[in-house]
Amino acid sequence: MFESFRYFRWQDILDILVVAFIIHQLISIIRGTRSVQMVVGIGILTIIYFLASVLDLSALLWVMQNFLSSILLIVIIVFQQDIRRALTQVGRSPFQKHIEIVDKQMEEIIRTLFYLAKRRIGALIVIERETSLGDFIESGFKLDAVLTKELLISIFMPASPLHDGAVLISEGRIQHAGCILPLTQNPYINKRYGTRHRAAIGLTEETDAVVLVVSEETQEISIVRHGALTTIEDEIGLTKSLQAIFMVGDSSSSQPWKNWLGGK
Ligand SMILES: Nc1ncnc2c1ncn2[C@@H]1O[C@H](COP(=O)(O)OP(=O)(O)OP(=O)(O)O)[C@@H](O)[C@H]1O
């Protein structure tokens, strides 16, 4: 047994570690999505193929061979969302710099959310980070305005022509309003969530954006990232959650909101 280790090179260890890392990343990307069932389905079909081959079942083997020959195409079509997300994550540079934002802008957003929730006014606020949201803003209206509570509130007022859809915040400014986001296809999302929440989940499944949602029905405020939604109890809870997401490095820094509002 130990004989085989004699031929073990350091490259083999590196090789195994890289493959293990890739498999781990793939599992963490598809975990909790409908892709898991599809992976299981493809696994079962592959087992059937090998059984047909071993038992020499020629008709079944012919069907499976024809099916599996187009498997690459099927995988690309079925997993296109996950592939896009995976490639975006791979392409993200760990050395990218972020702009800093002052506490004031953070406060403006938090106060807007609680103001709207109190009055049962729905809202969807997207904070762009490293992944460019260019594809999703085509549907919206360009504003490129200073981020203030007053402007955010007026956008989401039901009488406003911009109140439908999402507001996009990038580089500390309100860049777009009325943006249509992709809805999640995850079948496990709680049925009580409608399209506003599904749009927030859908966008964060594909990008690293942070989305804040105010429900006009329940007055709940939620923070959504990586396809997962967390309901916020109060202003302190929201402040802490955002701090945990955006604060990097020295927590004793006098500029606590580093890495916030995604600059590039
Ligand atoms: N794809 C989308 N992209 C952006 N915004 C959307 C999208 N779909 C719906 N919305 C917004 O969500 C609103 C409808 O929300 P809906 O009641 O269906 O969802 P909900 O999750 O139940 O939210 P609420 O709890 O506020 O009722 C629309 O008026 C629109 O502003």
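Residues numbered from 1 in each chain as written. Predicted model: local features only at pLDDT ≥ 70, side-chain atom pairs only at ≥ 80, totals over all residues.

Looking at an unreviewed UniProt entry, one finds the protein named Diadenylate cyclase and attributed to Desulfomarina profundi. Recorded under Subunit (unreviewed entry), the UniProt text for the protein is reproduced unchanged: "Probably a homodimer." The record in UniProt for the protein states the following under Sequence similarities (unreviewed entry): "Belongs to the adenylate cyclase family. DacA/CdaA subfamily." (UniProt positions renumbered as here; feature names shortened; annotations may be inferred.)

Would you mind showing me how to read the sheet that holds strand 7 (residues 228-232) here?
Within a sheet, each strand pairs with its neighbour through backbone hydrogen bonds, oriented either parallel or antiparallel. Here we have seven strands laid out as an open sheet, ordered 2-4-3-1-5-6-7, and mixed in their pairing. The open sheet is flanked by strand 2 (141-146) and strand 7, the only strands paired with a single partner. Taking each pair of neighbouring strands and ignoring which way they run, the sheet shows an average axis angle of 25 degrees. The pairing of strand 3 (residues 166-170) with strand 4 (residues 173-179) spans four bridges and is classified as antiparallel. Its bridge partner being in strand 4, Ile-169 is matched across the sheet by Ile-174. Most of the contacts of helix 10 (residues 195-206) go to strand 5 (residues 210-214), to which it runs at about 175 degrees, and overall it touches strand 1 (123-127), strand 3, strand 5, strand 6 (221-225) and strand 7. (Pairing = 2+ DSSP bridges. Helix = DSSP H or I, 4+ residues; strand = E, 2+ residues; numbered from the N terminus. Axes fitted to C-alpha atoms, helices over the stretch in contact; angles between N-to-C directions. Contact = placed C-beta atoms within 7 Å.)

Got a minute to help me understand the environment of Phe-156 in this structure?
Looking at the element boundaries, Phe-156 is found in helix 9 (residues 149-156). When the C-alpha positions of Phe-156 and Ala-177 are compared, they lie 9.3 Å apart, and in sequence the two are 21 residues distant.

In this structure, what is going on with the site of the ligand? I would like to understand it.
The ligand sits among 18 residues. The nearest are Gly-194, Thr-195, Arg-196, Ala-199 and Ser-215. Looking at the shell around the ligand element by element, the count peaks at four residues for helix 10. Grouping the amino acids of the shell around the ligand by side-chain chemistry returns seven nonpolar, seven polar and four charged. (Near = placed C-beta within 6 Å. Nonpolar A, V, L, I, M, F, W, Y, C, P; charged D, E, K, R; others polar.)

Honestly, helix 11 (residues 235-246) in this entry has me stumped. Any pointers?
Counting along an α-helix, one turn takes 3.6 residues, and residues three or four places apart therefore face a common direction. With twelve residues, helix 11 ought to run about 16 Å at 1.5 Å a step, and its terminal C-alpha atoms sit 16 Å apart, in line with that. Buried within helix 11 we find Leu-238, Leu-242 and Phe-246. Seen from one end, helix 11 has its buried residues packed into an arc of 50 degrees, which puts them on one side. Exposed residues on helix 11 whose side chains face more than 90 degrees from its buried face are Ile-236, Lys-240 and Ala-244. Looking at the buried positions of helix 11, the neighbouring elements they touch are helix 7 (103-118), strand 6 and strand 7. (Expected span 1.5 Å × (residues − 1). Buried ≥ 20, exposed ≤ 12 C-beta atoms within 10 Å, placed from the backbone. Arc of directions from axis to C-beta.)

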